[in-house]
Amino acid sequence: MQSSQHNALGSQEARSAPPLPKDLIVDAAQPIPVQPAAVVSPNQVQAAGAASVVPAPGEQAATDIPAAVPSQPTHRANPLQRFFGWVWHHKKLTIPALLALILAVVLGLPVTRYPILALGLKRPFTITVMDSKTGTPVSGANITLDGHHVSTDSVGRAKITARVGKRTAHITKQYYQSTDAALFVGISTAHNSTKVRLSATGRQVPIKVVNTITGKPVAGAVITVLDTDAKTDANGQATIVLPTDVASQSATIAAAGYNKLSAPVQVTDQTVAANTFAITPAGRVLFLSNLSGKIDVASANLDGTGRQTVLAGTGSEDPNNTVLLATRDWEFAALLSARDGGQFGKLFMITASNGKFSTIDSTAAAITPIGWVGHTLVYEVSSNTAPWWQPGGTLIKSYNADTGKTLTIVTSQATGTSDSDAEHQAVWSPLIMGDNLIYATTWYGPSQSMNVSGQQNTIMSIKTDGTGSKTAKSVDAGQYYVNTLNLANPTTLYFSISSSTSDSTNYYRMDLNGNVTSANTITSDTVTQQYPTYLLSPNADATFWAEQRDGKNVLFTGDATGNNSTQIGSLSEYAPYGWFTDNYLLVQKGGSELYIMPAAGGTPVKIADYFKPNYQFYAFDSGYGAP
């Protein structure tokens, strides 16, 4: 009881409590409300077991002394005060545990969480800038936040990473009032976005950009006028703010995959036709032209602009033996031409990007282009002077445009020592199917007799690099010969084998892998009918062809095998010429006009008039521009 009383009276003998942290000390200047204490008699005190207190002279009588010194009035501590008080009474916590506990508490309070996390924690934030008057996106607006700089895209949006907590973004754009936007970057990114409206100081000019060939909107086109720009959205639309002191300004319009366009912009906030601009996909088409009186190689942009002479003719070209055949990506073209006035044409290569001209083969022999497989040209060389009894009367070669190397991949065979006893092998009907060269061989004896014993007539397949030679079908040359080869589509070949001693003929199908089958459904009509010439797309997963109906062409596209067709033109005067990328088709009209159109169909756009040689490819599907 003595001890209790001393504690109650705040005796000097009671143990002093340690000082509280400075920020937890209650301000002494603040009034402390005290409830009046009840006055008790000495007897009541004694009854309570308290010791008697004798007042000193001049001190208040015992009857005026409260029964107990009232405790300090209750003060409602803030969370940190309560936390540190709790910590003080749990002194057994280890230092790591104490630090972890303090960190958890500090991070759990919003007032301290973000200032501490902002020292290192960053989160992405999206800012969308809009025109305050039109509500349209402001592209190309410059945003500065936390020392980082970004620009808004075609829909006025920019993403930036910033420290969490309260931040201020500074936003500027030419011919707009600059502004500062207050942001709150949260730890959770669910709501880390805001919209900011800028007020224009010039005139808001609406502009639209479309594709010249398709007429469809061009997204991401950048319109640059004076010292400001704007970028089109998914609808090909943009609003650019321009000064109002003139009625028209010069603009430059550029987009990835398109030719740059320079054109005047009308400075008006109204939607006018003059501010809709058509830009042309990038790329150039090569074609033959005799506009100069000679057969030149020319090129032009896809809309016919920028026409140039790539290779001027010499005047010695043979109109009946001049061919231009381009790769499916239009990077290279092979030219067969008698430019030097010789009896035979020579084979040349042209690089489309720079017009570089080089010779592929100048052999004094009949040269026939067969087709391109990627950047490898396959062609036939037939000698009119070599004796029958010597091998090599017919060669098939391949030329790699990337490496400049030429290989002989097929050589005709022969036996004997003179024309009277010679047996020679004819190599004929070469064509491209997939990545392979397919061709037939037939043996002939003296006086062109087809009854050659001890030899084999064949259907052969070989890669353009000379590897993978395969005999798809072989028969006794003394009894049978290959009669017809007919490419039905890019993956199917029909052929027939006839008896040299009777009237019997058998019919076969060959697939892309060189597998040969026969069936009752394969008839003479199947093998000999005229099939469309299917032009493969650059990525080889689509085809383009025409069918004659009522004397005019019906245009189709389909899959890589010519199936699943879609009609894109009906009773048309246009005929297939090739692809340009996988998005556009090249067509010709009247044998003298070259056009381009969307792969999905539409109105063709004229590129140029051109010269079409009197030269026919059969079963051709590898390369573009062949008549």
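Residues numbered from 1 in each chain as written. Predicted model: local features only at pLDDT ≥ 70, side-chain atom pairs only at ≥ 80, totals over all residues. Heavy atoms only, no water.

### Description of the packing of aromatic side chains
Step number 1: Summed over the entire model, instances satisfying the criterion amount to 10 aromatic pairs.
Step number 2: Summarising the aromatic geometry, the rings of Phe495 and Tyr508 are spaced 5.2 Å apart at their centres and angled 15° between planes, so their arrangement reads as stacked. On the criterion of sequence distance, the pair formed by Phe495 in strand β32 (residues 492-499) and Tyr508 in strand β33 (residues 505-511) is long-range, its members being 13 residues apart. Each member of the pair, Phe495 together with Tyr508, is buried.
Step number 3: An angle of 15° between the planes, with centres 5.7 Å apart, marks the rings of Trp545 and Phe556 as stacked. Here Trp545, found in strand β36 (residues 542-549), pairs with Phe556, found in strand β37 (residues 552-559); they are 11 residues apart in sequence, far enough to count as distant. (Phe/Tyr/Trp six-rings, centres within 6.5 Å; stacked < 30°, edge-to-face > 60°. Helix = DSSP H or I, 4+ residues; strand = E, 2+ residues; numbered from the N terminus. Buried < 20%, exposed > 50% of the residue type's maximum accessible area, 1.4 Å probe, protein only.)

### Remarks on the side chain of Asn489
Step number 1: One can find Asn489 in strand β31 (residues 480-489).
Step number 2: At a separation of 2.8 Å, a polar atom in the side chain of Asn489 contacts the main-chain amide nitrogen of Thr491.
Step number 3: A distance of 3.0 Å separates a polar atom in the side chain of Asn489 from the backbone nitrogen of Thr492.
Step number 4: Ignoring anything within four residues of it in the chain, the contact list for Asn489 reads Tyr534 and Thr561. (Polar contact = N/O pair within 3.5 Å; in protein donor to acceptor, adjacent residues only side chain to side chain. Contact = heavy atoms within 4.5 Å.)

### Describing the environment of Asp269
Step number 1: When you line up the elements, Asp269 lands in the loop between β13 (261-266) and β14 (276-279).
Step number 2: Taking the C-alpha atoms as reference points, Asp269 and Arg203, separated by 66 residues in sequence, lie 6.4 Å from one another.
Step number 3: In contact with Asp269, not counting residues within four places along its chain, are Arg203, Gln204 and Pro206.
Step number 4: Here the side chain of Asp269 touches Gln270 through a polar contact of 3.1 Å, side chain to side chain.

### Quick word on the sheet that holds β33
Step number 1: Spatial ordering of the open sheet is given by β31-β32-β33-β34, a layout of four strands whose pairing is antiparallel. Unpaired on one side and paired on the other, β31 and β34 (516-517) mark the two borders of the sheet.
Step number 2: Across eight bridges, β31 lies against β32 in antiparallel orientation. When the bridges of β32 are listed, Leu487 appears paired with Leu493. (Pairing = 2+ DSSP bridges.)

### Some words on the pairing of β36
Step number 1: Direction of pairing for strand β35 (residues 535-536) relative to β36: antiparallel, over a ladder of two bridges. Directly across from Leu535, in β36, lies its bridge partner Phe544.
Step number 2: Count of turn residues in the β35/β36 antiparallel hairpin: five residues, of which Ala540 carries a positive phi of about 65°.
Step number 3: Sheet topology places β36 next to β37; eight bridges connect them, and they run antiparallel. Within β37, the residue paired with Phe544 across the bridge is Thr557.

### Brief notes about the pattern of salt bridges
Step number 1: Enumeration over the complete set of coordinates arrives at nine salt bridges.
Step number 2: Taking the shortest distance from any N to any O, the salt bridge between Asp609 and Lys606 comes out at 2.9 Å.
Step number 3: Residue Asp609 is classed as partly exposed on the basis of its relative accessible area, which comes to 42%.
Step number 4: Relative accessible area serves as the criterion here: at 35%, Lys606 is assigned to the partly exposed category. (Salt bridge = Lys/Arg side-chain N within 4 Å of Asp/Glu carboxyl O.)

### So, the environment of Ala477
Step number 1: In this fold, Ala477 is placed in the loop between β30 (470-476) and β31.
Step number 2: Note: C-alpha distance between Ala477 and Trp443 (34 residues apart in sequence) is 6.5 Å.
Step number 3: Contacts of Ala477, omitting those with residues within four sequence positions, involve Trp443, Met450, Asn451, Val452, Gln455, Gln456 and Asn457.

### Some thoughts on empty space enclosed by the protein
Step number 1: Counted by the stated rule, this structure contains two cavities of 30 Å³ or more.
Step number 2: A volume near 40 Å³ is recorded for the second largest cavity. (1 Å grid on protein atoms, 1.4 Å probe; cavity = no way out; pocket = protein on both sides within 12 Å on 5 of 7 lines; lining within 4 Å. Points joined across faces, edges and corners; volume = space filled by probe spheres on them.)

### Focus on the pairing of strand β21 (residues 357-361)
If a strand is regular, its side chains alternate between the two faces of the sheet.
Step number 1: Summarising the sheet, strand β20 (residues 346-351) and β21 pair through four bridges and their orientation is antiparallel. What sits directly across from Phe348, in β21, is Thr359.
Step number 2: Connecting β20 to the antiparallel partner β21 that follows it, the hairpin turn spans five residues, and Gly355 within it adopts a positive phi of roughly 75°.

### Notes on unusual backbone geometry
Peptide bonds are mostly trans, and most non-glycine residues show a negative phi.
Step number 1: The phi dihedral of Leu226 falls on the positive side, at around 55°, and the residue is not glycine.
Step number 2: If you trace the backbone, Leu226 turns up in the loop between β9 (222-225) and β10 (228-231).
Step number 3: Positive phi, close to 55°, is recorded for Asp550, a residue that is not glycine.
Step number 4: When you line up the elements, Asp550 lands in the loop between β36 and β37.
Step number 5: By relative accessible area, which is 76% here, Asp550 ends up exposed.

### Topic: the sheet that holds strand β39 (residues 574-580)
Where strands meet in a sheet, backbone hydrogen bonds hold them as pairs that are either parallel or antiparallel.
Step number 1: The strand order across the open sheet built from four strands is β39-β40-β41-β42, with neighbouring strands paired in antiparallel fashion. Two strands in the sheet have a free side with no partner beyond their single neighbour: β39 and β42 (605-609). Put simply, the sheet's adjacent strands are angled 30° from each other on average, direction ignored.
Step number 2: Relative to strand β41 (residues 593-598), strand β40 (residues 584-589) runs antiparallel, the two sharing six bridges. From the neighbouring strand, Lys589 faces β41, where its bridge partner is Glu593. (Axes fitted to C-alpha atoms, helices over the stretch in contact; angles between N-to-C directions.)

### Things to note about the side chain of Asp131
Step number 1: When you line up the elements, Asp131 lands in strand β1 (residues 122-131).
Step number 2: Only 3.0 Å separates the side chain of Asp131 from the backbone nitrogen of Thr134, close enough to count as a polar contact.
Step number 3: A polar side-chain atom of Asp131 sits 2.7 Å from a polar atom in the side chain of Gln204.

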